[in-house]
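Structural features, examined
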Amino acid sequence: MVGKARADKPQRMRDIARLVETGRHQAKVAEELKITVSAVSRAMRDMRMAVAFARKDDSWTDATQHSAVEVTRAWLADSGNESLSGTSAFEESSSSENEG
């Protein structure tokens, strides 16, 4: 085999998302998971793209419009994983729509 074996990608994405959700910077996430910063960056790009596609909203690909924390919460919610905050991004937006 050439190169190193890759970890289970969905599990690695969840691990990255949960750490980024807490506000950690990419370098700290990489250090904690013993991966490269570029691997964290690629995972964040993949999460942004997945959320944008699922929600049919390209604004999710723009870091000036949605923070990494917002993206990870939305990605966790969209992929059926519970956010550490205990609420999904969908639940948060639904409750704010119902208030108006």
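Residues numbered from 1 in each chain as written. Predicted model: local features only at pLDDT ≥ 70, side-chain atom pairs only at ≥ 80, totals over all residues. Heavy atoms only, no water.

1. Quick notes on the pattern of salt bridges
What counts, and what does not: Only one rule defines a salt bridge in this text: a Lys or Arg side-chain nitrogen within 4 Å of an Asp or Glu carboxyl oxygen. Accessible area is worked out with a 1.4 Å probe on protein chains only. A residue is then buried under 20% of its type maximum, exposed over 50%, and partly exposed in between. Segments assigned H or I by DSSP are reported as helices when at least four residues long, segments assigned E as strands when at least two residues long, and all are numbered from the N terminus.
What the rule picks out here adds up to six salt bridges. The shortest N-O distance in the salt bridge between Arg24 and Glu32 comes to 2.8 Å. Judged by its relative accessible area of 33%, Arg24 falls in the partly exposed class. Lys28 is the salt-bridge partner of Glu31, the closest N and O atoms lying 3.9 Å from each other. In this pair, Glu31 and Lys28 are both assigned in helix H2 (residues 26–33), three residues apart and thus about one turn of the helix distant. Taking relative accessible area as the criterion, Glu31 reaches 56% and is therefore assigned exposed. Each of Lys9, Arg45 and Asp46 takes part in one network of salt bridges that share partners.

2. A short note on helix H1 (residues 9–21)
Here is the rule we go by: The length a helix should cover is 1.5 Å for every residue beyond the first. We call two residues in contact whenever any of their non-hydrogen atoms come within 4.5 Å of each other.
Taking 1.5 Å of rise per residue, the 13 residues of H1 would be expected to cover 18 Å, and the 18 Å separating its terminal C-alpha atoms lies within 8% of that figure. Burial in H1 covers these residues: Met13, Arg14, Ile16, Ala17, Leu19, Val20 and Glu21. Structurally, H1 contributes buried residues whose contacts are with H2, helix H3 (37–55) and helix H4 (68–78). Among the residues trailing H1, Gly23 stands out with phi positive, at a value near 95°.

3. Quick word on H2
Selection criterion: Each C-beta atom gives one direction from the helix axis, and the arc is the one those directions make.
The set of residues buried in H2 consists of Val29, Ala30 and Leu33. Taken end-on, H2 shows its buried residues confined to a sector of 100°, consistent with a single buried face. Buried residues along H2 sit against H1 and H3.

4. Thoughts on the packing of H1 against H4
Inclusion rule: For helices, the axis comes from a line fit to the C-alpha atoms of the stretch in contact; other axes are also lines fit to C-alpha atoms, and the angle between any two N-to-C directions lies between 0 and 180 degrees. Orientation is classified from the angle alone, with under 35 degrees giving roughly parallel, over 145 giving roughly antiparallel, 65 to 115 giving roughly perpendicular, and any other angle giving oblique. Two helices that cross are described as forming a left-handed crossing if the nearer one is turned anticlockwise from the farther one by less than a right angle, and a right-handed crossing if clockwise. For this classification, Asp, Glu, Lys and Arg are treated as charged, while Ala, Val, Leu, Ile, Met, Phe, Trp, Tyr, Cys and Pro are nonpolar and the rest, including Gly, are polar.
Contact pair H1 / H4: the axes reach a minimum separation of 8 Å and the direction vectors enclose 135°. Of the possible angle classes, the one that applies to H1 and H4 is oblique. Considering only the axes of H1 and H4, their crossing is left-handed. Mapping the contact onto sequence places Pro10, Met13, Arg14, Ala17, Arg18, Val20 and Glu21 in H1 and Ala68, Val69, Thr72, Arg73, Trp75 and Leu76 in H4. Of the residues assigned to the contact of H1 with H4, the class counts are eight nonpolar, one polar and four charged.

5. As for the confidence of the model for the protein
As a reminder, the rule being used: Confidence of the predictor at the level of single residues is given by pLDDT, which spans 0 to 100.
Residues at a pLDDT of 70 or more form 74% of the protein, whose mean pLDDT is 82. Scored below 50 in pLDDT, residues 86–100 makes nine contacts in the model with residues more than four places away or belonging to other chains.

6. Topic: the side chain of Ser59
Basically, it comes down to this: N or O atoms closer than or at 3.5 Å make up a polar contact, with two conditions inside protein: a donor-capable atom paired with an acceptor-capable one, and, for residues adjacent in sequence, both atoms drawn from side chains.
Here Ser59 lies in the loop between H3 and H4. Since its relative accessible area comes to 15%, Ser59 is described here as buried. There is a polar contact of 3.1 Å between the side chain of Ser59 and the side chain of His66. Ignoring sequence-local partners within four residues, the contact set of Ser59 consists of Gln65 and His66.

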